[in-house]
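A look at the structure
If you want the building blocks of each chain, they are given just below.
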Amino acid sequence: MNLAIHYYPTRNLVEYERNPRKNDDVVNRMCASIREFGFRIPIVAKSDGTVVDGHLRLKAARKLGMESIPVVLSDNLNEPQTKAFRLLANQSANWAKWDDELLKVEIQELADMQFDLKMTGFELEKVQRFLDDFDGEKEDLSDLVVDDKKNHEWTAPVAIITLYCHPLEHICSNLGPIGISTILIRPHILNVLLFIVIAISNSMTDHTGYSFHFHPIPFNYNFGVMGWYDKLHGTYKDDKKNGEKDK
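Read on for a plain summary of the structure. (Residues numbered from 1 in each chain as written. Predicted model: local features only at pLDDT ≥ 70, side-chain atom pairs only at ≥ 80, totals over all residues. Heavy atoms only, no water.)

1. A word on the overall build of the chain
We count it as follows: Put simply, DSSP marks the helices as runs of H or I at least four residues long and the strands as runs of E at least two long, and each gets a number from the N terminus on. Buried residues are those whose accessible area, probed at 1.4 Å on protein chains only, stays under 20% of the maximum for their type, while exposed residues exceed 50% and partly exposed ones sit between those limits. Should any heavy atoms of two residues lie within 4.5 Å, those residues are counted as being in contact.
Helix and strand counts for the chain come out as 10 helices and 4 strands. Listing the helices and strands of the chain from first to last along the sequence gives β-α-β-β-α-β-α-α-α-α-α-α-α-α. By the burial criterion, 30% of the 247 residues in the chain qualify as buried. The contacts of the chain with a sequence gap of at least 6 include a subset with a gap of at least 24, amounting to 66%.

Okay, here's the thing in structure tokens:
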């Protein structure tokens with residue numbers, strides 16, 4: 001069966017009024033695709049102009065000011081077939097599954113070519129996850145030799161054990177704020193106890209390396225105080241990316 005391509009004026013094409021696909025919010029994305037690649041997929045329509053498949057492409061073409069677009073006629077389909085094909089044309093795209101490993105390779109090659117990855121149709125967040133996974137596979141950092149004098153990674157599940165910092169730092173950073181605030185403000189004893197619990201919890205979060213669900217970042221700091229001393233000593237390590245993967 002040979003398909004004949006016809007060119008219809010966009011003003012002569014009529015959208016199916018009961019089209020169940022909602023696509024108004026992605027018309028701009030289709031416009032960008034047509035600008036990049038051209039109008040590559042014809043509209044499927046009846047000879048009277050009623051669109052069977054291609055409503056989104058038609059909307060984009062009109063928004064771009066295109067006067068005519070390619071159309072394949074489906075007059076040989078009866079009414080039940082036309083209704084079924086309209087659904088099939090949209091639903092069949094969901095049948096197949098992606099091979100994530102091969103997809104990573106394709107996306108990485110496009111990134112290396114500095115091609116705009118938005119033109120792949122994928123959400124940029126998903127594209128970035130693929131690239132992050134690909135980089136992680138290429139570069140395994142687990143066997144790197146660590147300078148133990150500068151980056152002493154030691155974890156413990158008990159908060160009190162994690163307070164292994166220098167005594168002067170412990171006094172200034174952990175005990176100092178509690179003691180000074182108690183003297184100056186004279187708070188209720190319950191407020192003091194709450195402050196201590198928060199301080200201990202923060203120390204546990206900083207030093208144990210665990211990823212708590214209520215905290216967005218699994219910290220692996222060495223010197224506590226939200227990483228300020230690590231930045232000062234050059235031992236700061238941002239584990240946000242790895243933590244999101246672990247979740």
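2. Focus: the packing of helix 1 (residues 27-37) against helix 2 (residues 55-63)
Basically, it comes down to this: Angles here are taken between N-to-C directions and fall from 0 to 180 degrees, while the axes themselves are lines fitted to C-alpha atoms, restricted in helices to the stretch in contact. Angles are sorted into four bins: roughly parallel if under 35 degrees, roughly antiparallel if over 145, roughly perpendicular if 65 to 115, and oblique for all others. Gly falls in the polar group here, along with every residue not listed as nonpolar (Ala, Val, Leu, Ile, Met, Phe, Trp, Tyr, Cys, Pro) or charged (Asp, Glu, Lys, Arg).
Where helix 1 meets helix 2, the axes come as close as 8 Å, and the angle between the chain directions of the two elements is 75°. Accordingly, the angle class assigned to the pair helix 1 and helix 2 is roughly perpendicular. Contacts between helix 1 and helix 2 pair Val 27, Asn 28, Met 30, Cys 31 and Ile 34 from the former with Leu 56, Arg 57, Lys 59, Ala 60, Ala 61 and Lys 63 from the latter. A breakdown of the residues in the contact of helix 1 with helix 2 according to their chemical character gives 7 nonpolar, 1 polar and 3 charged.

3. A look at the nonpolar core
So the rule is basically this: Joining through side-chain atoms within 4.5 Å is the link that ties buried Ala, Val, Leu, Ile, Met, Phe, Trp, Tyr and Cys residues into a set, and such a set is a nonpolar core.
If you look at the biggest cluster of nonpolar residues, it comprises 15 residues, and the most contacted ones within it are Leu 13, Phe 39, Ile 43, Leu 58, Ile 69 and Val 71. Within the residue set of this core, elements represented by two or more residues are helix 1, strand 2 (43-45), helix 2 and strand 4 (68-73). The contact partners of Leu 58, leaving out residues within four places of it in the chain, are Thr 10, Leu 13, Glu 15, Ile 43, Val 51 and Ile 69. Ranked by size, the runner-up nonpolar core spans 7 residues in total, among them Leu 103, Ile 107, Leu 117 and Leu 131.

4. Re helix 2
Here helix 2 has its buried residues at His 55, Leu 56, Arg 57, Leu 58, Ala 60 and Ala 61. Phi turns positive one or two residues past the end of helix 2, at Gly 65, with a value near 80°.

5. Observations concerning the sheet that holds strand 4
Condition: Between any two strands, at least two bridges found by DSSP are needed for them to pair.
Within the open sheet, the 4 strands sit side by side as 1-4-2-3. Their pairing is mixed. Only two strands of the sheet have a single neighbouring strand rather than two, namely strand 1 (5-9) and strand 3 (51-53). Along the sheet, successive strands turn relative to each other by an average axial angle of 50°, direction set aside. The pairing of strand 2 with strand 3 spans 2 bridges and is classified as antiparallel. Bridging from a neighbouring strand, Val 44 pairs with Asp 53 of strand 3. Contacts between helix 2 and the sheet are confined to strand 2, strand 3 and strand 4, with strand 3 contributing the most and set at about 120° to the helix. Strands in contact with helix 3 (residues 79-91) are strand 2 and strand 3; relative to strand 3, the strand with the most contacts, it is inclined by about 45°.

6. Some words on the pairing of strand 4
Moving residue by residue along a regular strand, the side chains alternate between the two faces of the sheet. In this structure, strand 1 lies alongside strand 4, joined through 5 bridges in antiparallel fashion. Counterpart to Tyr 7 in the pairing with strand 4 is Pro 70. Where strand 2 lies against strand 4, 3 bridges are found, and the strand directions are parallel. Bridging from a neighbouring strand, Ile 43 pairs with Val 71 of strand 4.

7. A word on helix 1
Rules: Relevant arc is that of directions from the helix axis to the C-beta atoms, nothing else.
Within helix 1 the residues assigned to the buried category are Val 27, Cys 31 and Ile 34. Buried residues in helix 1, looked at end-on, bunch into an arc of 65°, giving them a common side. Residues of helix 1 that are buried make contact with helix 2. Phi for Gly 38, located one or two positions after helix 1, is positive at around 90°.

8. A word on the environment of Thr 120
Worth spelling out the cut-off: We call two N or O atoms a polar contact when they sit within 3.5 Å, provided that within protein one can donate a hydrogen and the other can accept it, with sequence-adjacent residues counted only if both atoms are side-chain atoms.
Inspection of the secondary structure assignment puts Thr 120 in the loop between helix 4 (100-112) and helix 5 (124-138). Taking the C-alpha atoms as reference points, Thr 120 and Leu 110, 10 residues apart in sequence, are found 9.4 Å from one another. Every residue in contact with Thr 120, bar those within four places of it in the chain, is listed here: Leu 110 and Val 127. A polar contact of 2.7 Å, which involves the side chain of Thr 120, links it to the backbone oxygen of Leu 117.

9. Remarks on the environment of Pro 177
Looking at the secondary structure, you find Pro 177 in helix 7 (residues 167-185). For Pro 177, a relative accessible area of 34% corresponds to the partly exposed category. In this structure the C-alpha to C-alpha distance between Pro 177 and Ile 196, which are 19 residues apart in sequence, comes to 10.0 Å. Apart from the residues lying within four places of it in its own chain, the contact partners of Pro 177 are Cys 172 and Phe 195.

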